[in-house]
Amino acid sequence: MIKILILDDSDRKIDKIKQVLVEGCDLHENDIEVAKSVANGRKAISKDYFDLVLLDLVLPLFENEEPQEEGGLSFIREIMSADGRVKVPAQIIGLTEKANAYNKEKEEFQSLLFNVIQCKQGDAEWINQLKYAVNYSIRCKNSIESRLQNRNKYDIAVICALSEEFKQMIEAFGGENKWQRINVEEDVPFQFKSTVVTTANNNDIRVVAAMAGRPGVIPTSVLTTLMYTLFHVDTVFMTGFSAGFPSNQLKLGDILVASSIQDYASGKLKDIDGSVQLIKEIHQIEVSTRLSLPMQELIEDDETQSAIMSKIKKANLLVDERDSYQVQWSATCCGPYVVTSTEVVKELQESDRKLEGLDMEGFGLYLTSKLLSGKTQKNALWMKGVGDFADPNKANGYHKTCSFGSAVLLYRFIKEKL
């Protein structure tokens, strides 16, 4: 809705204009402000921005003074030479009951691309003209706001914690030449890039991406929040590498997709038998069915794993001689530490036998999507390759492969399922 300033010294005329605006243009009285002199009008536009000023041509310079024939024009001339000292309104419409002022000043108003309406008592034509002008201003503002919102509206977002992960994600989506940098007005410590992915159904998906630049739940939560709020996305994905839990089914390079993520470090620290122990409070968040069902279909498709392996081999990122890196729909956990302890892993596995992976970011992603879901559902999906087994024998040679492979899975998900 638009904000209007009525600049007029006649109470009868002000009341009539307000009636037209409220009843004829569906404006709320809170969006209408009144000033009765040039001086008060100057104060108003110095303080607030108005989409439209309805200006009497014959105005007193100060309240309780006699109206001046060029009072309205003097106000406009001040605006035109204000040099940023006032908030210039988008449109000004002159309204006058005096035929002399209308005939004398109409030409100068129109030369400034402003309109003048003569308010003849008993004539409804000026009311219709005012309604048309105000409704046109409303439509113009709505159109501009819609274009601005669509310019910053993206379909999905992709985030990574670290630069190595982000670089491989960019490569998996076609390489640097497929992406463009996004300039945002907000003062935020992240750099954003965008690309377009054309799906199998020939739909264009607008993608925005960024990296947090550091591991951890808090940086991930902050970046995820910005993706939802700045770019109005419905879904945020996360790719990269993580730790896996040793099992017969899971091998290095395999890709985990988090069906749920729990915070393994939440609870209460207590002194028990001379030692400090964590009394855990398990918080677990499951992925939405909107994403879980199509992702499980993709994982079960035999072509998915062969397509991922083909891309990995083509990128010369195959580690060891493996026929296939498996994709698994898995429960994972998240905490604030880099884990290199077999004892910690064993304890986590004993607390929940379904857990297959852990990292330092996933819970922040899923929690943020849950907390920000209101009238519209916010969705999130975490997928990362197994780069190590959270033990002292860190397998850093898999980091690029895991980051690239998980991003290839995401790219295929977008192409085939969105």
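Look above for the structure.
Residues numbered from 1 in each chain as written. Predicted model: local features only at pLDDT ≥ 70, side-chain atom pairs only at ≥ 80, totals over all residues. Heavy atoms only, no water.

Visitor: Explain the side chain of T195 to me, and be specific about the residues and the numbers.
Guide: By the secondary structure assignment, T195 is in strand β8 (residues 192–198). On the basis of relative accessible area, T195 is assigned to the buried category, the value being 8%. Among the polar contacts made by the side chain of T195, one reaches the main-chain carbonyl oxygen of K178 at a distance of 2.8 Å. Contacts of T195, omitting those with residues within four sequence positions, involve F173, K178, W179, I205, R206 and V207. (Helix = DSSP H or I, 4+ residues; strand = E, 2+ residues; numbered from the N terminus. Buried < 20%, exposed > 50% of the residue type's maximum accessible area, 1.4 Å probe, protein only. Polar contact = N/O pair within 3.5 Å; in protein donor to acceptor, adjacent residues only side chain to side chain. Contact = heavy atoms within 4.5 Å.)

Visitor: Kindly report on the packing of helix α7 (residues 217–231) against helix α11 (residues 362–371), identifying the contributing residues and their values.
Guide: It is the contact of α7 with α11, at a shortest axis distance of 8 Å, that shows an interaxial angle of 40 degrees. Between α7 and α11, the interaxial angle falls into the category oblique. Remark: the crossing between α7 and α11 carries right-handed chirality. Across the interface between the two elements, V217, T220, S221, T224, T225 and Y228 from α7 touch G364, L365, T368 and S369 from α11. Across the contact of α7 with α11, the residue classes tally to three nonpolar, seven polar and no charged. (Axes fitted to C-alpha atoms, helices over the stretch in contact; angles between N-to-C directions. Parallel < 35°, antiparallel > 145°, perpendicular 65-115°, else oblique. Left-handed = near helix turned anticlockwise from the far one by under 90°. Nonpolar A, V, L, I, M, F, W, Y, C, P; charged D, E, K, R; others polar.)

Visitor: Give me the lowdown on the environment of S324, citing residues and values where you can.
Guide: You can see S324 is positioned in the loop between α9 (302–314) and β16 (327–334). Sequence spacing of S324 and M309 is 15 residues, and the spatial spacing of their C-alpha atoms is 6.1 Å. Among residues more than four places away in sequence, those in contact with S324 are D254, Q305 and M309. Here the side chain of S324 touches Q326 through a polar contact of 3.4 Å, side chain to side chain.

Visitor: Please provide a residue-by-residue account of the environment of E185, values included.
Guide: Structurally, E185 can be placed in the loop between β7 (180–182) and β8. Along the primary structure E185 and I261 are separated by 76 residues, whereas in three dimensions their C-alpha atoms are 34 Å apart.

Visitor: Pulling in residues and values, what's your account of the sheet that holds strand β3 (residues 52–56)?
Guide: Read across the open sheet, the five strands follow the order β2-β1-β3-β4-β5; overall the sheet is parallel. Lying at the two open borders of the sheet, with one neighbouring strand each, are β2 (32–35) and β5 (115–118). The mean inter-strand angle of the sheet, taken between neighbouring strand axes irrespective of direction, is 20 degrees. Two elements, strand β4 (residues 91–96) and β5, share four bridges in a ladder whose sense is parallel. Paired with I93 across the bridge in β5 is N115. Where helix α3 (residues 71–80) meets the sheet, it contacts β1 (4–7), β3 and β4, and its direction lies at approximately 145 degrees from that of β3. (Pairing = 2+ DSSP bridges.)

Visitor: Could you give me a rundown of the packing of aromatic side chains, with the residues and numbers involved?
Guide: According to the stated counting rule, one finds five aromatic pairs in the structure shown. For the ring pair F192 and F231, a centre distance of 4.9 Å and an interplane angle of 65 degrees mean the geometry is edge-to-face. Of this pair, F192 sits in strand β8 while F231 sits in helix α7, placing them 39 residues apart in sequence. This pair shows no difference in class: F192 is buried, exactly as F231 is. Taken together, the ring pairs in this structure connect Y154, F192 and F231 into an aromatic cluster. Between R206 and the ring centre of Y154, over which it is positioned, the NZ or CZ distance is 4.1 Å. (Phe/Tyr/Trp six-rings, centres within 6.5 Å; stacked < 30°, edge-to-face > 60°. Lys NZ or Arg CZ within 6 Å of the ring centre and 35° of its normal.)

Visitor: Run through the pattern of salt bridges, naming residues and quoting values.
Guide: Counting across every chain of the model gives ten salt bridges. It is possible to trace a salt-bridge network through shared partners that takes in D8, K13 and D56. (Salt bridge = Lys/Arg side-chain N within 4 Å of Asp/Glu carboxyl O.)

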